[in-house]
Structures are given as C-alpha cells and as structure tokens.
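Okay, here's what each chain looks like letter by letter:
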Amino acid sequence: MTGEWGGPKRELRGNLHIHTTCSDGSRTLEEIAGLAQGYGLDFIGLNDHFAPSRPSRYQGGVLLLLGSELNREHSHYLVYGPAPAFGPGQHEGAKVAAGVKARGGMGIIAHPFEKGSPLVGKGKHYPWRDWNSEDFQGIEIWNLTSQWRDSARSLGQSLGQWLLAPYRPFKQGACPQALARWDELSQKRHVTGIAGSDLHGPLVRALGCRFRILDYPMLLPALNTYCRAAVTGEGEEDGARVIEALIRGRCWIAQDRLCLGRGFFFWAETERARRGMGEKIPRVGGKAWLRIVLPRRGEIRLIHNGALLSRLEGRRWDLAVTEAGPYRVEVRLRDVPWLYSNSLYLE
Ligand SMILES: [Zn+2]
Ligand SMILES: [Zn+2]
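Residues numbered from 1 in each chain as written. Chains lettered and ligands numbered in written order. Predicted model: local features only at pLDDT ≥ 70, side-chain atom pairs only at ≥ 80, totals over all residues. Heavy atoms only, no water.

Draft legend 1. Structural detail: the overall build of the protein chain. For the protein chain, the helix and strand inventory stands at seven helices and 21 strands. When its C-alpha atoms are laid out on the principal axes, the protein chain stretches across 70 × 40 × 40 Å. Among the 347 residues that make up the protein chain, the fraction classed as buried is 58%. Partitioning the intrachain contacts of the protein chain with sequence separation of at least 6 by distance along the chain shows that 67% fall at a separation of at least 24. Looking at charge distribution, the protein chain has the averaged site of its 46 positive side-chain charges lying 4 Å from that of its 36 negative ones. (Helix = DSSP H or I, 4+ residues; strand = E, 2+ residues; numbered from the N terminus. Buried < 20%, exposed > 50% of the residue type's maximum accessible area, 1.4 Å probe, protein only. Contact = heavy atoms within 4.5 Å. Lys, Arg positive; Asp, Glu negative; His and termini not counted. Charge placed at Lys NZ, Arg CZ, Asp CG, Glu CD.)

Written as structure tokens, this is what we have:
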C-alpha cells in the first residue's frame, strides 16, 4: 500500500501501554501476544514499570515494542526504543524526558491529568508535573484504565456501572484536559497524541470470588493507535520504524469498539506539495486544501488552534483553509467519540 505522502507503507494497528506479570499486570507476555494476534493487532507496546529497554521483536506475527513506564509517585513516563536506565524510584520528569530523547527513544506522558478514585489506593493518582519540559514527544490523550478508575466515585455506583454498563466511561472519549493541553502544545511544536490502555487486568476479590476487571480481552480490541510505516518483517528494524512513525505523528486513534479505524486519511495539499499528519506545509496563495477520508460516515469536526473550526456529517471532506497553525480531526459516531487524528501544520 502506498502512504499518502509517498513510499510503500502499511497501515498498522496497535495497542499501547500494557503491563505484564513482569511488573503489576496479571497476564504473561505470551498470553497477551496470543490475545493480540487473535484480535488482529499488528503491534503492542509493553510498558512494565522500570523494565530495561530492549529491541523490538515479533511474536506470532505481532510486533512487540518492549518499552517501560518510568517514575513512581508522579510524572509517569512511557518509553519505547533506546533509553537510559532509570532506577525504580521517582525522578524529575524533565530529566527523564531529556535522557530518553538524547538516546533516541520515544517518551510519552502517561495519564497526564489522572484524578484517582476514592475506591483505589485511597485516591492515589499520578499526574504529570513537569510541563516546562520540551523533550517529551508524545502525550496520552486517552488512557482507558485511568479514566475508567477516575469515573469510579463510590462502591455502589462503580459496582452498578461494572455490572450494567462497563463501557460507559469509554463514551466520554479522550481526557478533555489532556486534549486542551495537547492543543496548546501543538501551537508551539509537534507533540504526538496516542491512546493507552494501561492494561493490568487487576484481580479483584468481591462476594467471595476472585475475578479480573478491565481485563486484556476487554481492552485490547477497544481503543487503538494506528500508524503507517514501511515494515520489513524484521523485528528490531520494524520496531524502530513504528516508533519513528509515532514520534513524527503519522498516526491516529480509534475507538475500535465502535468501528475499526482502518482506512483513515488526513492530508493537506497545495499546487506544490502534499503533506500528512505530523508534517508542515507552506500555504500557496494564502491557502491549502485539507482532505479527510473516513472508513465510514461520521460527524467530522475540524479543530484549528484548539478550537472547533467547522463540522460536517459525511465520509469524505475536501475543504480550503487559509489560516496558519495546527489542524486536527475528531470524528464522532452517534455522538460518541470514535477517531482522533494527529495534527498537521499550515505555515
Ligand atoms: Zn502510570
Ligand atoms: Zn501504566
């Protein structure tokens, strides 16, 4: 398949921010890779706490990005690719981000505005605190587990929700504060938005039984990050290419529970150039064309400089824009957030 801005690229669907039994997850890497293969995922991102950085590899056709999650008390940081070793403790977020970037890895702020729940760990939560750093390359705009937990306010309410409507918190979509901060950052430099499952599949004891909540089979197919990369079949090389695509922002997020996000395109064109997500394009004659193609019809919202510029119900949208700055797309299906693009930048 040819990518929208040249070169043969494949569309890859992946689930990011997964914990295994190597840290505080409840399933083994082998089990998780097997499940991921069954759900048709092309790659998964493993983020056991303080795991050393290791080369990517394939297991059963699924590319494993063997990353880690750094920091303990706050400023949790997801890392993929080469990274310095940070001990199992609390480090300054800005220092961690600078170290990872200097080594060529990708660093992503995890659950930046987590609020916590009075039902879990006495409301303990782990927001990001080092916004003065300019070295992080990505931000988790949607963390499924963290946002589910944030929604659990009392035992009765959360038990009822779990039994009757376990997917209800997914309907709110990305974290509003994370989206607002992401839009603010995008007006200064490119920062990639990704989705994280934060999968642990915790074992809970209640009513005399032990069972898993927010388990791997529930979250792996629910919310994914898609990218386009020219893969070769060799694990280490392909891992580097996927990480590069994520750093550059050649990716989008889809709530696959509603509909798979495969076949989404968003690019900008002038008479002289054509550029995709994560890229800059100079206007010609004071304007450029934006092209949006969806796998199915939905309510398309075009966001410019963090504000809603225009919306359209449809499957394809071509429109001319004149203002400089970052543009991104959100799509809703029956008023539920489904798809989020990364930004492209008009100059
Ligand atoms: Zn965390
Ligand atoms: Zn985590």
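This is not the end of the story, as more comes after the structure.
Draft legend 2. Highlighting the coordination of the zinc ion (ligand 1). Protein coordination of the zinc ion (ligand 1) is provided by Glu69 (OE), His76 (ND1) and His111 (NE2), with donor distances spanning 2.0 to 2.2 Å. Of note, the zinc ion (ligand 1) draws all its donor residues from one chain, in the sequence arrangement E-x6-H-x34-H. For the pair the zinc ion (ligand 1) and the zinc ion (ligand 2), the metal-to-metal distance amounts to 3.6 Å, and Glu69 bridges them. In this pair, Glu69 sits in strand 5 (residues 68-70) while His111 sits in the loop between strand 7 (106-109) and strand 8 (138-143), placing the two residues 42 residues apart along the sequence. Each member of the pair, Glu69 as well as His111, carries the same accessibility label: buried. (Donors = N, O, S within 2.8 Å, 3.2 Å for Na, K, Ca; no water.)

Draft legend 3. Quick look at the coordination of the zinc ion (ligand 2). Only His17 (NE2), His19 (NE2), Glu69 (OE) and Asp198 (OD) from the protein coordinate the zinc ion (ligand 2), and they sit 2.1 to 2.2 Å from it. The sequence pattern describing where the donors of the zinc ion (ligand 2) fall on their chain is H-x1-H-x49-E-x128-D.

Draft legend 4. Up close: the sheet that holds strand 6 (residues 77-80). With mixed pairing, the five strands of this open sheet are ordered in space as 5-6-7-8-9. Lying at the two open borders of the sheet, with one neighbouring strand each, are strand 5 and strand 9 (192-196). Sheet twist, expressed as the mean angle between neighbouring strand axes with direction ignored, is 35 degrees. Examined bridge by bridge, strand 6 and strand 7 share four bridges and lie antiparallel to one another. Bridge pairing links Val79 to Gly107 in strand 7. (Pairing = 2+ DSSP bridges. Axes fitted to C-alpha atoms, helices over the stretch in contact; angles between N-to-C directions.)

Draft legend 5. Here's a closer look at the confidence of the model for the protein chain. Scored by pLDDT, the protein chain comes out at a mean of 95, with 98% of its residues at no less than 70. A low-confidence stretch, residues 1-6 stays under pLDDT 50, and its non-local contacts, those more than four residues away or across chains, total 20 contacts. (pLDDT = per-residue confidence, 0-100.)

Draft legend 6. Local environment of the packing of aromatic side chains. Enumeration according to the criterion identifies nine aromatic pairs in this entry. Pairing Tyr167 with Phe170 gives two aromatic rings, centres 5.3 Å apart and planes at 85 degrees, and the pair type is edge-to-face. Exposure remark for Tyr167: the relative accessible area of 28% places this residue in the partly exposed category. What makes Phe170 buried here is its relative accessible area of 2%. (Phe/Tyr/Trp six-rings, centres within 6.5 Å; stacked < 30°, edge-to-face > 60°.)

Draft legend 7. Representation of the domain arrangement of the protein chain within the structure. When cut into domains, the protein chain gives domain 1 (10-254) and domain 2 (265-346). The distance between the C-alpha centroids of domain 1 and domain 2 comes to 26 Å. Contacts between the two partners involve 24 residues from domain 1 and, on the opposite side, 18 residues from domain 2. At the boundary of domain 1 with domain 2, total buried surface from both sides reaches about 1,600 Å², with 54% on carbon and sulfur atoms. The tally of links from domain 1 across to domain 2 stands at one salt bridge. Close ionic contact of Asp183 with Arg328 constitutes a salt bridge, the shortest N to O distance being 2.7 Å. Counting across the interface, domain 1 meets domain 2 through seven residue pairs in polar contact (both at pLDDT 80 or more). Looking at the side of domain 1 that touches domain 2, the elements that each hand over two or more residues are strand 8, helix 5 (176-186), strand 9 and strand 13 (251-254). Counted by class, the side of domain 1 that touches domain 2 contains 10 nonpolar, eight polar and six charged residues. (Domains from an automatic or database assignment. Buried area = accessible area lost by both parts, 1.4 Å probe. Salt bridge = Lys/Arg side-chain N within 4 Å of Asp/Glu carboxyl O. Polar contact = N/O pair within 3.5 Å; in protein donor to acceptor, adjacent residues only side chain to side chain. Nonpolar A, V, L, I, M, F, W, Y, C, P; charged D, E, K, R; others polar.)

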